[in-house]
Amino acid sequence: QVIFKQYIEGVPKETDMEIKVSKTELKAPKGSGAILVKNLYLSCDPYMRGRMRDFRGSYIPPFVPGQVIEGFGVSEVVHSDNPNFKPRELITGLTGWEEYSLIQKTEQLRKIQQDGIPLSYHVGLLGMPGFTAYAGLYEVCSPCKDEYVFISAASGAVGQLVGQLAKLHGCYVVGSAGSNQKVDLLKNMLGFDEAFNYKEELDLDAVLKRYFPQGIDIYFDNVGGDMLDAALLNMRIHGRIAVCGMVSQQNLSDAKGIHNLFNLITRRVKMQGFLQSDHLDLYPRFLEDVTGYYKQGKIVYVEDMNEGLESAPAAFIGLFSGKNVGKQVIRVARE
Ligand code: NDP
């Protein structure tokens, strides 16, 4: 198991988590309605950092110190006291960062039909991050053909799908990322029109003016901070900003001020924060659309797969320095 040790401030460290090895006989107790699962893949997501602080006013409760970390996973049912689940069925949903989990809350679990799509994609392309891309782009940004779209953290779990969906919609798409390897991926594998390494740019306003001489219609913001401020200076009239995440601000105790909000008025820009979980009614349509695009070869998905449960703490921390190239997943056990 990976145990959460204590609430933290600043950038998370491996030592904020602890690997615990124990031998316990697990079974779903009779009458409990629980299922026992073997975890195959676990997802590392930036939102989990929010659960490492003792703040109860959020949309999701904090982790409990001394207990196993909770996260999305793909798992195989090994024992069930629930008539809706049978041994050997594959499921995805919230589970524990551990080899085997006893899941009591089964209502939110989704069964996986194996249809040639890699199982791990159910925590990425077809899981919460993929759905975030879909809901954020279509529900918040309402893209139109030929619009100019900018995406930050563009090669990550969410960003890479936003860009590909926007391209399928006929938009012009530019992404920012934190390394030349990621820029190459965006341009040569993920089909973005352009991409740049923001770490090599001194003036973010100037780089956005270079890639968007006509301005930006849609900014899909995964990072907040300086990039958001620079995008505000470059929005077109009636532009839309989807505030998806603020990974650049997540480890700061004092978030950075934004200076250019006045442009929201002068350019009549709509800026909207959203949570993917508010749009779950769209999930079936999302699954059908994105599965179809993938099977037709219209989209691809890049994963960064770490091997073994014990690699999870380092992989999670890597999200905050951009170590992950694509969706960060942990393979806990072979299928
Ligand atoms: P990614 O796979 O994109 O991983 C995080 C990436 O963020 C890193 O690889 C790195 O990319 C970038 N990053 C890290 N630190 C910084 C920094 N200080 N400044 C700028 N960029 C940084 O993560 P996801 O795709 O899973 O998530 C993207 C965003 O979406 C996050 O903010 C997350 O919280 C949010 N989110 C929101 C949801 C919602 O419902 N609103 C649901 C799911 C995710 P690089 O090397 O390019 O800098």
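Structure shown above.
Residue indices follow the written sequence of each chain, beginning from 1 at its first position. A pLDDT threshold of at least 70 governs which residues receive local features in this predicted model, and a stricter bar of 80 or more applies before side-chain atom pairs are shown or counted, although totals over entire chains, interfaces and linings include all residues.

Draft legend 1. Just the overall build of the chain, in detail. Across its full length, the chain carries eight helices and 15 strands. Only the C-alpha atoms count toward the radius of gyration. The rule for a globule is 2.2 Å times the residue count to the power 0.38. Radius of gyration (C-alpha) of the chain: 20 Å, near the 20 Å computed for a compact globule of 335 residues. By principal-axis analysis of the C-alpha atoms, the chain measures approximately 65 × 45 × 35 Å. Taking all 335 residues of the chain together, 44% fall into the buried category. Helical segments are the DSSP runs of H or I of at least four residues, strand segments are the runs of E of at least two, and each set is numbered from the N terminus. For the exposure call, what matters is how many other C-beta atoms sit within 10 Å of a residue's own: 20 or more marks it buried, 12 or fewer exposed, and in between partly exposed, using C-beta atoms placed from the backbone.

Draft legend 2. Spotlight on the site of the ligand. Each residue receives a C-beta atom placed from its backbone. It is near a molecule or strand if this atom lies within 6 Å of it. The environment of the ligand is made up of 30 residues, and the closest members are Gly-156, Gly-178, Gly-245, Ser-248 and Gly-322. Note that the domain bounds reflect an automated or database-derived domain assignment. Both domain 1 (2-124 + 302-331) and domain 2 (128-277) contribute no fewer than three residues apiece to the shell around the ligand.

Draft legend 3. Here's a closer look at helix H2 (residues 159-168). Extensive coverage of H2 is indicated by the burial of eight of its 10 residues. When H2 is considered as a whole, its buried residues turn out to be Gly-159, Gln-160, Leu-161, Val-162, Gly-163, Gln-164, Leu-165 and Ala-166. Structurally, H2 contributes buried residues whose contacts are with helix H1 (128-141), strand E8 (148-151), strand E9 (172-177) and strand E11 (216-221). Just past H2, the residue Gly-170 takes up positive phi, approximately 90°. Our contact criterion uses C-beta atoms placed from the backbone: two residues qualify when those atoms are within 7 Å.

Draft legend 4. View of the nonpolar core. The biggest cluster of nonpolar side chains holds 83 residues, and the ones touching the most others in it are Val-149, Val-162, Phe-220 and Ala-231. Looking at which element gives the most residues to this core, the answer is H1, with eight residues. Of the residues that make up this core, three or more belong to each of domain 1 (2-124 + 302-331) and domain 2 (128-277). Sequence-distant contacts of Ala-231, that is, excluding residues within four places in its chain, are made with Phe-150, Leu-208, Ile-216, Tyr-219, Asp-221 and Ile-241. One nonpolar core equals one set of buried Ala, Val, Leu, Ile, Met, Phe, Trp, Tyr and Cys residues connected by C-beta atoms within 7 Å.

Draft legend 5. Expanded view of the packing of H1 against H2. Each axis is a line fitted through C-alpha atoms, and for a helix only the stretch in contact is used; angles between axes span 0 to 180 degrees, taken between their N-to-C directions. In contact at an axis separation of 8 Å, H1 and H2 are set at 45° when each is read in the N-to-C sense. By the angle between their directions, the pair H1 and H2 is classed as oblique. In the packing of H1 onto H2, the handedness of the crossing is right-handed. Residues Gly-130, Ala-133, Tyr-134, Gly-136 and Leu-137 of H1 touch H2, and the partners they reach there are Leu-161, Val-162, Leu-165 and Ala-166. An angle below 35 degrees is treated as roughly parallel, one above 145 as roughly antiparallel, one from 65 to 115 as roughly perpendicular, and anything else as oblique. The crossing is said to be left-handed when, going from far helix to near helix, the turn is anticlockwise and less than a right angle, and right-handed when the turn is clockwise.

Draft legend 6. Spatial organisation of the sheet that holds E8. Only strands joined by at least two bridges in the DSSP assignment are considered to pair. The six strands are arranged E10-E9-E8-E11-E12-E13 in an open sheet whose pairing can be described as parallel. With one partner strand each, in any of the chains shown, strand E10 (194-197) and strand E13 (270-273) form the two edges of the open sheet. Strand-to-strand twist across the sheet, computed as the mean angle between neighbouring axes with direction ignored, equals 15°. Two strands pair when backbone bridges link them, and E11 and strand E12 (residues 235-243) are joined in this way by five bridges, in the parallel orientation. Residue pairing for E12: Ile-218 is matched across the bridge by Arg-240. Sheet strands touched by helix H5 (residues 225-232): E8, E9, E11 and E12. Its angle to E11, the strand with the most contacts, is close to 170°.

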